[in-house]
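The lines below spell out each chain.
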Amino acid sequence: MIGYYWSPFKVFWYFYATFCTFLYFVYLGMLIVSLSPNSQVAGILATAAYTILNLFSGFLMPGPKIPKWWIWCYWICPTSWSLNGLLTSQYGDMKKEILIFGELKPVSSFLKDYFGFQHDHLGFVAVALLVFPVVFASLFAYFIDKLNFQRR
């Protein structure tokens, strides 16, 4: 319904990016629970974390438009890598011209100019999407072992 093409490469990339996104959200939730003494604190931390993930994902304000002193938040935000992987893998090689901001330009050119996404960086995006779940799961395992909020 949104114009995905049925090629094995694009279908694999869609499922890979979606799977890694689900994984890091689940592990981030587990990490937040392991850092919290009760469910109320976990709820507050989760709300703050998800707000920051949405703010710096590059969807509301694309990466090239984010001020330079905040760009580090964009680069360490896992949702920005998911957006990069999904949009670039599906549309980054399209040469179809679209009318955007009053001018005709190819979809791939729009992704590069507006979002800063390049199709030839998909290998790096794949690694980044794999690193976030591993880091969040490892931190969860460490903190669930080291932190004990039970009163004695």
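Calculation rules
- Residue positions are given per chain, counting from 1 as you read along its sequence in written order.
- Under the rules for a predicted model, residues below a pLDDT of 70 receive no local features and side-chain atom pairs below 80 are neither given nor counted, while totals for whole chains, interfaces and linings still include all residues.
- Heavy atoms throughout the structure, all of them, feed into the side-chain values; hydrogens and water do not.
- UniProt positions are given in the numbering used here, feature names are shortened, and annotations may be inferred rather than shown by experiment.
- Salt bridges are identified by distance alone: a Lys or Arg side-chain nitrogen within 4 Å of an Asp or Glu carboxyl oxygen.
- Elements are defined by DSSP. Helices are runs of H or I of four residues or more, strands are runs of E of two residues or more, and each kind is numbered from the N terminus.
- Relative accessibility under 20% of the residue-type maximum defines a buried residue, over 50% an exposed one, and the middle range a partly exposed one, all with a 1.4 Å probe and only protein chains included.
- Here a cavity is any set of points on a 1 Å grid over the protein atoms alone where a 1.4 Å probe fits but cannot get out, and a pocket is any open set with protein on both sides within 12 Å along at least 5 of 7 lines; a residue lines the site when it has an atom within 4 Å of a point.
- Grid points are joined across faces, edges and corners, and a volume is the space filled by probe spheres set on the points.
- Gly is placed with the polar residues, together with every amino acid not listed as nonpolar (Ala, Val, Leu, Ile, Met, Phe, Trp, Tyr, Cys and Pro) or charged (Asp, Glu, Lys and Arg).
- Note on contacts: a residue pair qualifies if any of its non-hydrogen atoms lie within 4.5 Å across the two residues.

By the naming in an unreviewed UniProt entry, the protein goes by ABC-2 type transporter transmembrane domain-containing protein and is assigned to Vitis rotundifolia. The heading Subcellular location (unreviewed entry) in the UniProt record of the protein holds the text "Membrane".

A.B. asks: Teacher, can you tell me more about the pattern of salt bridges here?
C.D. replies: Should the charged atoms of two oppositely charged side chains come close, the side chains can pair. Evaluated as defined, the whole model comprises three salt bridges. The closest approach of N and O atoms between Lys10 and Asp93, which form a salt bridge, is 2.9 Å. Note that Lys10 is positioned in helix α1 (residues 8-35) and Asp93 in the loop between α4 (78-91) and β1 (97-100), a separation of 83 residues in sequence. Note on Asp93: relative accessible area 36%, which makes it partly exposed.

A.B. asks: How should the layout of surface pockets be read in this particular structure?
C.D. replies: A probe matching the size of a water molecule, rolled over the atoms, marks out where space remains unfilled. The calculated volume of the largest pocket comes to roughly 280 Å³. Going through the elements one at a time, α1, α2 (39-55), α3 (71-76) and α6 (122-146) are the ones with two or more residues in the lining of the largest pocket. In terms of residues, the lining of the largest pocket owes the most to one element, α2, which gives five residues. Counted by class, the lining of the largest pocket contains 15 nonpolar, no polar and no charged residues. Roughly 190 Å³ of internal volume is contained in the second largest pocket.

A.B. asks: Sorry if this is basic, but what is going on with the environment of Leu122 here?
C.D. replies: Within the secondary structure layout, Leu122 lies in helix α6. Assessed through its relative accessible area of 6%, Leu122 is described here as buried. Separated by 23 residues in the primary sequence, Leu122 and Leu99 have C-alpha atoms spaced 25 Å apart. Aside from chain neighbours lying at most four places away, what touches Leu122 is Phe9, Trp13, Gly85, Thr88 and Ser89.

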